[in-house]
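Architecture and fold: a report
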Amino acid sequence: MGRASPPAPCPRLALGVLVLLAALPSPAAGVNVTAVLAAFPNFSDFTRLLASSPVAAELAGRSSLTLLAVPNANLPRSPSAFAAASGADLADVLRYHVLLEYLSPSDLARLPASGKLVTTLFQTTGRAPSDFGAVNLTAVAAAGTNSTTVVVRSPAPSPSPSNATVLGAVTSEPYNISVLAVGGLIVPSGFDIAASGSETRPSPAVNITRVLFDARGFNVAASMLEASGVADDLEADERGAGVTVFVPTDDAFADLPATDRLQSLPADRKAVVLRFHVLHSYYPLGSLQSIVNPVQPTLATESAEAGRFTLNITRFNGSVAIDTGVVQATITRTVFDQNPVAVFAVSKVLLPKEMFGRANTDTAAGAAAAPPATKAPDVSGGVGTRPAKLFSPPALHGGTDIKPSSASARDANWRCIGLLYLSLLLLPLV
């Protein structure tokens, strides 16, 4: 009787894979922040504030975050104290308490001496100037002891930026949500939740070129906007629906291929490219991330046919992606955001396909400079030269205008005679 063969390895391998998959953690779901805080009555007032704002719903689609919760005793005496604040302002203050990073107590114990800048949910709205939508976590040594406390403060360079001390950990669901108790509300720079609302704070006229020069790293764009007169158009449009400006960094201009020749374009065509970087409406970052119609007209569209000089704006890997049909760029940061003006840094110069597409490359290049004087093509065959036009070999034309030299003709005739003679010798053998 033959010996039984060993069991095939495939079933065992499949079983091992199933066991491994079962052991892996399931993908993190969004956070139900009110359910998480429901087990802690001493945070009930803060929970009610979250539930009455759009923030709780926004967190339902996010994970891997840290919530800075304020105990009832550390909030104003009554939530009605917030009644004077506009709903939008209060929601942004609450967004400022949502850190877009999971931080455990052990993470806080390892903070560097210089502190750690962490992005908040408020930063994603685009309403925070510069990086003031982030918070700075700093470990501070307690006087007379070897222990340290962590202070959360606004990075705004004001005389007394808003800050609060981390009181301790409340609960966590690694690595989905970590809840830390803080000693009070942290208010973003420029906010006054006791004021009557943001609509009472008039927006001053914005000098966009000055904003770019002050922000640094945008000297090329600022100079071009100023020299072309497009900056004046932008300031005029601020009085209407507002403007959203996508500004390439100086590095983005430096990375332009030499073939694009943007700097060599005539002034009027250069102005078209600059207007191609502007939407004729105010869009904070949050609006761009959830934009319904991805194809957006630009200021350049207004002087062209409908459907031309448009940008395709979509959300990609957590960022805002901009596709021109020639270039794919992303928003790298918010430079300025104050209704009715939003200014965003972009990773590349936005080149319109109407001017820089393959079919238009020659046209754009030709418009960039006056045509050179006509001269005879150089057919000397020297290094670095090429004929203006390629021709087929003369023999393919069937013409008689180019004749071989007499010596070449004689050689060809003798070859023909030799072949004929050889054929006659071999003929009897056939």
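Structural data are supplied above this passage.
Cut-off values and rules
Per-chain numbering applies: the sequence of each chain, read as written, is numbered from 1 onward. Given that this is a predicted model, residues contribute local features only at a pLDDT of at least 70 and side-chain atom pairs are listed and counted only at 80 or more, while totals for whole chains, interfaces and linings are drawn from all residues. As a convention, hydrogens and water are excluded, and side-chain values are obtained from all of the structure's heavy atoms. Buriedness for pockets is judged along seven lines, at least five of which must meet protein on both sides within 12 Å for an open set on the 1 Å grid over protein atoms alone, while cavities are sets there where a 1.4 Å probe fits but cannot get out, and lining residues have an atom within 4 Å of a point. Grid points are joined across faces, edges and corners, and a volume is the space filled by probe spheres set on the points. Only DSSP runs of H or I with at least four residues qualify as helices, and only runs of E with at least two residues qualify as strands; both kinds are numbered from the N terminus onward. Two strands qualify as a pair provided that DSSP identifies no fewer than 2 bridges between them. A pair is scored as a salt bridge if a Lys or Arg side-chain nitrogen falls within 4 Å of a carboxyl oxygen belonging to Asp or Glu. Only protein chains enter the area calculation, which uses a 1.4 Å probe; residues under 20% of their type maximum are buried, those over 50% are exposed, and those in between are partly exposed.

Let's talk about empty space enclosed by the protein
- Scanning the model with the defined rule gives one cavity of 30 Å³ or more in all.
- In this structure, the largest cavity spans a volume of roughly 100 Å³.
- Taken together, 14 residues form the lining of the largest cavity, with Ala221, Phe246, Pro248, Leu274 and His277 sitting closest to its centre.
- For the lining of the largest cavity, the secondary-structure elements that each account for two or more residues are helix H8 (219-228), strand S8 (243-248) and helix H11 (267-275).
- At four residues, S8 tops the list of elements feeding residues into the lining of the largest cavity.

Re the sheet that holds strand S2 (residues 98-99)
- Judged by pairing direction, the sheet is mixed, and its seven strands sit side by side in the order S2-S1-S7-S6-S5-S4-S3 without closing on themselves. Where the open sheet ends on each side, the last strands, each with one partner, are S2 and strand S3 (116-119).
- Taken together, the six bridges between strand S4 (residues 134-141) and strand S5 (residues 148-153) define a ladder with antiparallel strand orientation. Across the sheet, Asn136 pairs through a bridge with Arg153, a residue of S5.

Describing the pairing of strand S13 (residues 328-338)
- By the bridge criterion, three bridges tie strand S12 (residues 319-323) to S13 in an arrangement that is antiparallel. Bridge assignment links Asp323 to a residue of S13, and that residue is Gln328.
- Linking two consecutive strands that pair antiparallel, namely S12 and S13, is a turn of four residues; a positive phi of about 95° is found at Gly325 within it.
- Joining the antiparallel neighbours S13 and strand S14 (residues 341-346) is a turn of two residues.

A few points about the pattern of salt bridges
- In this structure the tally under the stated criterion is nine salt bridges.
- Among the ionic pairs, Asp107 bridges to Arg110, the shortest N-O distance being 2.8 Å.
- Among the residues examined, Arg110 registers a relative accessible area of 57% and is labelled exposed.
- The shortest N-O distance in the salt bridge between Arg210 and Asp214 comes to 3.8 Å. Here Asp214 and Arg210 lie together in helix H7 (residues 208-215), a separation of four residues that amounts to about one turn.
- Residue classification places Arg210 among the partly exposed positions, given a relative accessible area of 45%.
- Because the salt bridges share partners, they merge into one network encompassing Glu58, Asp92, Arg95 and Arg127.

Describing the sheet that holds strand S10 (residues 295-297)
- Here seven strands make up an open sheet; going across it, the order is S9-S8-S14-S13-S12-S11-S10 and the pairing mixed. Each edge of the sheet is formed by a strand with only one pairing partner; in this case those strands are strand S9 (278-279) and S10.

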